[in-house]
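Observations on the three-dimensional arrangement
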Amino acid sequence: MKLLGGGMFILRPAISGGRLPDQAKSCLDQLLELLGRNDLPVTSVYKAILFLNHVENGEKERGLDEITEMVRTTLHRDMLVILLDQPPVQHDVVMEVYYYDFSQWGCSFHSTGQGNALVFSREGERISAGISCSGVQDYRDGALHAFSGVEKLLAETGFSMGDIVRQWNYIPRILNYEGPYQHYQLFNEARARHYGNHFEQKGFPAATGIGTSGTKILIEYIAVSGSGVVTIPIDNPEQVPAYRYPQEYLKGEAVERLKSTPKFERGRYLSVNGRDMVFVSGTAAIRGPNVVYPENSDLQTLYTIDNIEQLVSKKNLEKQGIRTDELAFDYVRVYLKDRNDYPVVLKYCREKYGEVPCVWIEADICRDELMVEIEGQLVRNHPQALK
């Protein structure tokens, strides 16, 4: 994470086919070479996310423990290892690895059994990266359990729910139903309950809610606190805020009298001691509250890119008090409902984002008609900054 004086590597196996653990090892071998070339110790790595294609590889229930242990043995144990049942579009394994500047930040590792968190501290500023998961069979209880895990981690590390600025919600079979209740809507009910009024004065976190083919709800978050922290929610003038969606746009029956809306911002600005970035939430082809060009991946991609452009435009950011000079994308993640759409979506993304590092994932998106979702982040003083 650039705020921590570090960065990230995106790794893909040098071998094709074979067992997932063997492909993960190929990524780790490349990582060790990169770390050595950049004079980075293995302890500078604090998070590894592995996107895994279990279905095509035939290892749905095998190899996960082996991969986790391999990562921790190769690197170190006081780090976050996240395995996601989300197939990469072109490979069976893709690995994102995040590192920090250990000369600038102190770091401590915390575990509750249900989740893990790292806390980075320096001169009164504190940043936490954490994960909580739940394998409870009942979907509603599972979502509540996952959020309870987040609350427990935050409390044990000296943060509160209202300190979260970015959240990734990995939701198994997001569009499916449990009885009359949609999975995504049950997740939103749990989110609303645990958020309470924590974000009443500061706006919600930037967030992504995306489907997986796994069995566990997993919540990943970044939380910040300290006197040198500035964070501002960012609205998109072309979209209705998700937390204001009308009831008819929320699927399934209500658990209580009314269905809870998705509680997140379209984007969020964060500055810690002069290091600035903008989180772009998972963004799709939605104008107002409506899906634009249902099931048309070509036009949805163009609309999604335009929505992001509106969100991070000079006019929109400066209206919300955010300085825009030398802000540019340094990472993009693209989710496709159908990997066969990859060539055309790649063309549009290349035209817009050039050689910005990008990860391509096949996953269900939060509405049936949506084919593409894009998230990303911008950092200041990036060499590709748009003037």
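Residues numbered from 1 in each chain as written. Predicted model: local features only at pLDDT ≥ 70, side-chain atom pairs only at ≥ 80, totals over all residues. Heavy atoms only, no water.

**Some words on the side chain of Ser 260**
Relative to the elements of secondary structure, Ser 260 occurs in the loop between β13 (229-234) and β14 (267-272). Separated by 2.8 Å, the side chains of Ser 260 and Glu 189 make a polar contact. Once residues lying within four places of it in the same chain are set aside, the contact partners of Ser 260 are Gln 185, Asn 188, Glu 189, Ala 192 and Leu 250. (Helix = DSSP H or I, 4+ residues; strand = E, 2+ residues; numbered from the N terminus. Polar contact = N/O pair within 3.5 Å; in protein donor to acceptor, adjacent residues only side chain to side chain. Contact = heavy atoms within 4.5 Å.)

**With respect to the sheet that holds β13**
The sheet built from six strands is open, its strands ordered β13-β14-β15-β20-β18-β19 with mixed pairing. The open sheet terminates on both sides in strands that have one partner only, identified here as β13 and β19 (358-362). Here the average twist between neighbouring strands, direction ignored, is 15 degrees. Judged from the six bridges that link them, β13 and β14 form a sheet pairing that is antiparallel. Following the sheet pairing, Ile 232 is matched in β14 by Tyr 269. In the packing of helix α6 (residues 297-311) onto the sheet, the strands contacted are β13, β14, β15 (275-283), β18 (327-336) and β20 (372-380), and the crossing angle to β20 comes to about 30 degrees. Across the face of the sheet, helix α8 (residues 342-353) comes into contact with β18, β19 and β20 while running at roughly 175 degrees to β18. (Pairing = 2+ DSSP bridges. Axes fitted to C-alpha atoms, helices over the stretch in contact; angles between N-to-C directions.)

**Remarks on the pairing of strand β8 (residues 164-172)**
Taking burial as the measure, the nine residues of β8 include nine buried ones, the bulk of the element. Inspection of the sheet shows β8 paired to strand β12 (residues 217-225) by six bridges, in the antiparallel sense. Among the inter-strand pairings, Gln 167 is bridged to a residue of β12, identified as Tyr 221. (Buried < 20%, exposed > 50% of the residue type's maximum accessible area, 1.4 Å probe, protein only.)

**Topic: unusual backbone geometry**
Phi at Asp 39 takes a positive value of approximately 55 degrees, unusual for a residue other than glycine. Relative to the helices and strands, Asp 39 is located in the loop between α1 (20-37) and β2 (45-52). If you check the backbone angles, Glu 123 has positive phi at about 50 degrees while not being a glycine. Of note, Glu 123 is situated in the loop between β6 (115-122) and β7 (125-134).

**Topic: the packing of α6 against α8**
The description of two helices packed together rests on the angle between their axes and the distance between the axes. Relative to each other, α6 and α8 sit at 25 degrees, their axes nearing to 9 Å. Considered as vectors, α6 and α8 are oriented roughly parallel to each other. Crossing angle aside, the handedness with which α6 passes α8 is right-handed. Facing Ser 297, Asp 298, Thr 301, Leu 302, Ile 305, Ile 308 and Glu 309 of α6, the residues of α8 in contact are Val 344, Val 345, Tyr 348, Cys 349, Lys 352 and Tyr 353. Its residues assigned to classes, the contact of α6 with α8 shows eight nonpolar, two polar and three charged. (Parallel < 35°, antiparallel > 145°, perpendicular 65-115°, else oblique. Left-handed = near helix turned anticlockwise from the far one by under 90°. Nonpolar A, V, L, I, M, F, W, Y, C, P; charged D, E, K, R; others polar.)

**A short note on the packing of aromatic side chains**
For the structure on display, the rule yields 14 aromatic pairs. Taking the centre distance of 5.2 Å and the plane angle of 50 degrees together, the rings of Phe 147 and Phe 187 count as tilted. With Phe 147 in helix α4 (residues 139-156) and Phe 187 in helix α5 (residues 183-195), this residue pair connects regions lying 40 residues apart in the sequence. Each of the two residues, Phe 147 as well as Phe 187, counts as buried. Considering the side-chain rings of Tyr 293 and Tyr 303, the 5.5 Å spacing of their centres and the 45 degrees angle between planes classify their relative orientation as tilted. Within this pair, whereas Tyr 293 is found in the loop between β17 (290-291) and α6, its partner Tyr 303 is found in helix α6, the two being separated by 10 residues in sequence. Look at Tyr 293 and you get partly exposed, because its relative accessible area is 39%. (Phe/Tyr/Trp six-rings, centres within 6.5 Å; stacked < 30°, edge-to-face > 60°.)

**Comments concerning the sheet that holds strand β4 (residues 93-99)**
Judged by pairing direction, the sheet is mixed, and its four strands sit side by side in the order β1-β4-β2-β3 without closing on themselves. Sheet topology places β1 (7-11) and β3 (80-84) at the edges, where each strand pairs with a single neighbour. Strand-to-strand twist of the sheet, defined as the mean angle between neighbouring strand axes without regard to direction, takes the value 15 degrees. Inspection of the sheet shows β1 paired to β4 by five bridges, in the antiparallel sense. From the neighbouring strand, Ile 10 faces β4, where its bridge partner is Glu 96. Packing against the sheet, α1 makes contact with β1, β2 and β4, and its axis sits at approximately 35 degrees to β4. Helix α3 (residues 64-74) rests against β2 and β3 of the sheet, and its axis sits at about 150 degrees to β3.

Spatial relationships are all this shows, so hold off on functional conclusions.
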